[in-house]
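Chain and residue survey
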Amino acid sequence: MITKSELKKDEFLESLTDEMLEKFIPLTEEWSVESGEIIFNEGDSADNFFMVKAGKILLEQKISKDIIATVGTVDPGESFGLSVLLDEPRRLMTAICSETATVYAIHKNSLLDLMDKDHSMGYFIMKQAARVLNTRLILRTEQFLRSMHTHPDIHELESN
């Protein structure tokens, strides 16, 4: 059985009260995922929010028909699948297990119902979602700027 202390280890839920965490327990499923297993594909309907208990998940996006880039990793204590919080949620990337993992899954309808019934909890969840998304945006912007800095065309412009 999943416990409050296990849920509290996830940075997404760490600010929730014990009373709020109690409400998550019956809604949360524990999944075992094998190395190489795809949890969801880019473009799929977003049905679950996930928290990593053990292992590592890669987040990948197609750059072209033949090129796929890893744009992030999700380690124990981190979450993924925030698109469940959107109106018409579709997966923006593919989540693939890079090593045997254990993840917690909460179905989007259960999560959204919980947030609707407890607005304080909904506020905490949306606040965490904004924090996580902001951190990811900053990291991706830094990655983009580093790649631009090393791009040969940029060096050619600088020398002119």
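Residues numbered from 1 in each chain as written. Predicted model: local features only at pLDDT ≥ 70, side-chain atom pairs only at ≥ 80, totals over all residues. Heavy atoms only, no water.

This part takes up the packing of aromatic side chains. Applying the stated criterion across every chain, the model contains 6 aromatic pairs. When the ring of Phe 12 is compared with that of Phe 49, the centres are 4.8 Å apart and the planes differ by 45°; the resulting orientation is tilted. Within this pair, whereas Phe 12 is found in the loop between helix 1 (4-8) and helix 2 (18-24), its partner Phe 49 is found in strand 3 (residues 48-62), the two being separated by 37 residues in sequence. Both residues of the pair, Phe 12 and Phe 49, count as buried. Their ring planes at 70° and their centres at 5.2 Å tell us that Trp 31 and Phe 50 sit as a pair that is edge-to-face. Here the residue Trp 31 occupies a position in strand 1 (residues 28-33), and Phe 50 occupies one in strand 3, the gap between them amounting to 19 residues. Assessed through its relative accessible area of 28%, Trp 31 is described here as partly exposed. A relative accessible area of 2% places Phe 50 in the buried class. Connected via pairs of aromatic rings, a cluster forms that spans Trp 31, Phe 40, Phe 50 and Phe 80. The lysine or arginine in question, Arg 91, covers the ring of Phe 40, its NZ or CZ lying 3.9 Å from the ring centre. (Phe/Tyr/Trp six-rings, centres within 6.5 Å; stacked < 30°, edge-to-face > 60°. Helix = DSSP H or I, 4+ residues; strand = E, 2+ residues; numbered from the N terminus. Buried < 20%, exposed > 50% of the residue type's maximum accessible area, 1.4 Å probe, protein only. Lys NZ or Arg CZ within 6 Å of the ring centre and 35° of its normal.)

Each regular strand carries side chains that alternate between the two faces of the sheet. Direction of pairing for strand 3 relative to strand 4 (residues 68-74): antiparallel, over a ladder of 6 bridges. Among the inter-strand pairings, Glu 60 is bridged to a residue of strand 4, identified as Thr 70. The antiparallel hairpin formed by strand 3 and strand 4 contains 5 residues in its connecting segment. (Pairing = 2+ DSSP bridges.)

What follows concerns the confidence of the model for the protein. On average, the protein scores 89 in pLDDT, and the residues at 70 or more come to 94%. Looking across the protein, the model is least confident in helix 5 (residues 152-159), with a mean pLDDT of 64, and most confident in strand 2 (residues 38-40), with 97. (pLDDT = per-residue confidence, 0-100.)

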